[in-house]
Amino acid sequence: MGLTEHESLKTLSPLVGESRREGVLLDDWHPVAAAGDVPAGELVPVQLLDRELVLWRAADGNVRAWEDRCPHRGTRLSIGRIYGDEVVCAYHGWHFDGGARCTLVPALPSVAEKMQARVLAFQVKEKYGLVWVCLGAPAADVLPFPEYDDPNLRKVLCGPYDVATSGPRIVENFLDMAHFAMIHTGILGDPSRSEVRDYDVAEFDDGQGGKGVLATHCFAWQPQTNSLAHGGSEVEYTYRVVRPLTAILIKLPLAQSDFREAISLHVQPVGEEQCRVWIILALTNFVQTEDELRAFQDRIFLQDKPILENQVPKKLPLDLGAEMPVRCDRMSLAYRRYLRDKALRYGVVTPTAPVRV
């Protein structure tokens, strides 16, 4: 028999069940693939929140996102094939149409319609060059990224980067300027000019009825302000956290005001301590090739990766006393408060109440 929505939710793994009770990650949209990597005629396996999914592009041009599991005997549908506009399971040849309904059981051709068997299907959208999936009931649309809609800015998709850590650790690193001089020496920072000036942090409206975190007047001196510029100059950053696993920065070199760059970081939580990272550039650099722009971004992110994978614990502690913050960590502290306010438990270590004796 087909699964009802309530029954479908009960089949989620325990960790995803935790997210369901939070109503945070399960009801949000997450990137799972580049749109160009889901061509017609192919079954593409992906993972999200400890769940295995299969993507495929139907005849109507839209991507479907299903649980990667045949309801008959649990075989991964991704090892099957597409026949016409249907997915065919490799084990017993069951056919499923674009609506995830079983249309043919080869061993018993007369029973498919009576059984009403279905694959568990999820909502999916294509936006910003990515395929986004929501495993629950979307609380809002795919996150806003207005710079992507600016025709004066060139768009380049970078990644994905696989990182063995939690999503919140990755976002917090993206928000951190103090590591520029140590990890990105000669590119984004210089040890002789490592001081981080004070900056402003505030709450902001994300444009979809929610609240995010905003950091402004973030100044840093950088030897190489972008993949074209050399010689060093001061840069102003604006950071905004628009969803628990997404942050966007705007970079504007003060000595080169005609240059603009928005970098949007999106974390795909494969599991609590395993993620894929997608980065979207929207910038005024129309000189270099996409490969050159990606190579520069790869260089930066791959310098961050070993740091991220060697933070202990891998989950982000939300207890302010668990680690030792300093003044320049104000954006990180605001991000942790933001996650606490959303009651996030997936990928974090939550504060515990003192034991009474």
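Residues numbered from 1 in each chain as written. Predicted model: local features only at pLDDT ≥ 70, side-chain atom pairs only at ≥ 80, totals over all residues. Heavy atoms only, no water.

### Digging into the overall build of the chain
Note the following rule: Secondary structure follows DSSP: runs of H or I at least 4 residues long count as helices, runs of E at least 2 residues long count as strands, and numbering of each begins at the N terminus. Exposure classes here rest on a 1.4 Å probe applied to the protein chains alone. A residue is buried below 20% of its type maximum, exposed above 50%, and partly exposed in between. Pairs of residues are marked as contacts when any of their non-hydrogen atoms sit within 4.5 Å. For the accessible areas, the method is Shrake-Rupley and the probe is 1.4 Å, while residue cover comes only from the protein chains on display.
Of the regular secondary structure elements, the chain holds seven helices and 19 strands. Split into buried and exposed, the 357 residues of the chain put 50% on the buried side. In the chain, once contacts between residues fewer than 6 apart in sequence are set aside, the share between residues at least 24 apart is 58%. When the accessible surface of the chain is split by element, carbon and sulfur atoms take 51% of a total near 16,400 Å².

### Some points on the layout of surface pockets
Using a probe with the size of a water molecule, rolled over the atoms, empty space left in the structure can be pinpointed. Note the cut-off: Only protein atoms enter the 1 Å grid used here. Points where a 1.4 Å probe fits but cannot escape make up a cavity, open sets with protein on both sides within 12 Å along at least five of seven lines make up a pocket, and a residue lines them when an atom lies within 4 Å of a point. Grid points are joined across faces, edges and corners, and a volume is the space filled by probe spheres set on the points. Residues are sorted three ways: Asp, Glu, Lys and Arg are charged, Ala, Val, Leu, Ile, Met, Phe, Trp, Tyr, Cys and Pro are nonpolar, and all the rest, Gly among them, are polar.
Of the voids in this model, the largest pocket is the one considered here, and its volume is about 400 Å³. Along the wall of the largest pocket there are 18 residues; nearest its centre are Glu172, Asp176, Gln311, Asp329 and Ser332. At the level of secondary structure, the elements contributing two or more residues to the lining of the largest pocket comprise α4 (167-174) and α7 (330-341). Of the residues belonging to the lining of the largest pocket, the class tally is seven nonpolar, four polar and seven charged.

### A closer look at the pairing of strand β1 (residues 30-34)
How we decide: Note on pairing: two strands pair once DSSP finds at least 2 bridges between them.
Within β1, five of the five residues are buried, leaving the element largely enclosed by the surrounding structure. Relative to strand β10 (residues 130-134), β1 runs antiparallel, the two sharing four bridges. Each residue of the ladder has a partner; that of His30, found in β10, is Val133.

### What about the packing of aromatic side chains?
Rule in force here: Two rings belonging to Phe, Tyr or Trp (six-membered ring only in the last case) form a pair when the distance between their centres is within 6.5 Å. Interplanar angles under 30 degrees mark stacking, angles over 60 mark edge-to-face geometry, and anything in between is tilted.
With the rule as written, the count across this model stands at eleven aromatic pairs. Ring geometry for Phe145 versus Tyr148: centroids 6.1 Å apart, planes at 50°, classification tilted. You can call Phe145 buried: its relative accessible area is 1%. Taking relative accessible area as the criterion, Tyr148 reaches 23% and is therefore assigned partly exposed. Note on Tyr335 and Tyr338: the rings are 6.5 Å apart at their centroids and 25° apart in plane angle, and the pair reads as stacked.

### Let's talk about helix α6 (residues 290-308)
Three or four residues apart is the spacing at which side chains of an α-helix point the same way, because the helix has 3.6 residues per turn. Counted only if it meets this: What a helix should span is 1.5 Å times the count of its residues minus one. By definition, the arc is the one covered by directions from the helix axis to the C-beta atoms.
An ideal rise of 1.5 Å per residue puts 27 Å on 19 residues; α6 measures up with 26 Å between its terminal C-alpha atoms. Every buried residue of α6 is accounted for by Leu293, Phe296, Gln297, Ile300, Phe301, Asp304 and Leu308. Buried residues in α6, looked at end-on, bunch into an arc of 120°, giving them a common side.

### Considerations on the sheet that holds strand β8 (residues 102-104)
Overall, antiparallel pairing links the four strands, which are arranged β5-β6-β7-β8 in an open sheet. The sheet terminates laterally at β5 (81-83) and β8, the two strands that pair on one side only. Bridge count for strand β7 (residues 95-96) against β8 is two bridges, and the pairing is antiparallel. In the strand pairing of β8, Phe96 is matched with Cys102.

So far we have only geometry, and geometry alone does not tell us how the molecule works.
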